[in-house]
Structures are given as C-alpha cells and as structure tokens.
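Descriptive structure summary
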Amino acid sequence: MADTMQFDLVSPERKLASAQVTEVRVPGADGDLTVMAGHAPLIATLRPGILVVVGPQGTEDYAVTGGFVQVEATGVTVLAERGVPKAELTPAIHAEMMAEAKKVVEEAHPSVVDAATKMLADMEALGSHMSL
C-alpha cells in the first residue's frame, strides 16, 4: 500500500475535506502538479480547475476557483478562494463563479488584465466538469 499523508481543503465558507490520502492532483497557476507523501515543500497558487484527491477510500474531485496550496513532506493544505465538491457543481453555482470572475476582470487594473482574462477562461473550462 502506498504511503499516505494528511490532506486538508479549506474555503472561507467551510472545511471541505480532511483525510489521509495517497495523492493530490492540483490545478496550479504555473501548471498542474501531483503531490505524494515525501514531496518537497512548496507553496503555489491555484488556478480555477478540478482538484483530484486519491485515497484508500477512492477518488474525490473538487472544483476550486483559486487560492493557495502548501505542501510539506507529511501533508498538503489547500486554501481555496471557493471550493465545491464536483458532484455539487451545478449550472447555478458555476454561473455564480463566472459572475465573480467577470467582475474581477472588469475591475482589473490594465497591468493584470491578461491574468484576469486567463482566470476567466479557466472558469469557463471548469464548467465542463459539472454534474448534470
């Protein structure tokens, strides 16, 4: 059996998950990454996407809109701006996320418009993962 590590997923609204897992696949702003027990420490920014958590009980997917991931050899903590279990991602919730992302783009300073536009594109892609 593969080594496990502690995984915690927290959003401002609630703690979404806390479990021993074998693998976490993270939608990183600079590229996706897979974290397993013993991984080198790092802190990275999340982009909107699907966070995949693999553990002894199976695989769980979460839609996240951004935030940060902190990796240590013994665990992973994800602080998501907004997180929803993929099974709960409905068209209405996705529409709220899109509205929030569009507001960020509209209010963005010209120096961050490219990053905000990329975030909006990632949010649109997140919609393809909705459970209908």
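Data block above holds the structure.
First, a word on what this report is: a plain description of the structure on this page. Given the structure is predicted, the values throughout are model-derived calculations rather than measurements.

Rules used throughout
Residues numbered from 1 in each chain as written. Predicted model: local features only at pLDDT ≥ 70, side-chain atom pairs only at ≥ 80, totals over all residues. Heavy atoms only, no water. Salt bridge = Lys/Arg side-chain N within 4 Å of Asp/Glu carboxyl O. Helix = DSSP H or I, 4+ residues; strand = E, 2+ residues; numbered from the N terminus. Buried < 20%, exposed > 50% of the residue type's maximum accessible area, 1.4 Å probe, protein only. Contact = heavy atoms within 4.5 Å. Pairing = 2+ DSSP bridges. Axes fitted to C-alpha atoms, helices over the stretch in contact; angles between N-to-C directions.

Evaluated as defined, the whole model comprises six salt bridges. Across the pair Arg-14 and Glu-88 runs a salt bridge, and its minimum N-O distance is 3.4 Å. With Arg-14 in the loop between strand S1 (5-10) and strand S2 (15-21) and Glu-88 in the loop between strand S10 (83-85) and helix H1 (91-107), this pair connects stretches of sequence that are 74 residues apart. For Arg-14, a relative accessible area of 40% gives the class partly exposed. The exposure class assigned to Glu-88 is partly exposed, which follows from its relative accessible area of 40%. A salt bridge links Glu-96 to Arg-82; its shortest N-O distance comes to 2.8 Å. In this pair, Glu-96 sits in helix H1 while Arg-82 sits in the loop between strand S9 (75-80) and S10, placing the two residues 14 residues apart along the sequence.

Residue position: Pro-85 is located in strand S10. The sequence separation of Pro-85 and Asp-61 amounts to 24 residues, and the corresponding C-alpha distance is 6.2 Å. Once residues within four sequence positions are removed from consideration, Pro-85 is found in contact with Arg-14, Leu-16, Asp-61 and Tyr-62.

Taken in spatial order, the five strands of this open sheet run S4-S3-S6-S7-S10, and their pairing is antiparallel. At either end of the open sheet lies a strand with only one pairing partner, and these are strand S4 (33-35) and S10. Each strand axis lies, on average, 20 degrees off the axis of its neighbour in the sheet, ignoring direction. Examined bridge by bridge, strand S6 (residues 49-55) and strand S7 (residues 58-64) share seven bridges and lie antiparallel to one another. Within S7, the position partnered with Leu-51 by the bridge is Tyr-62.

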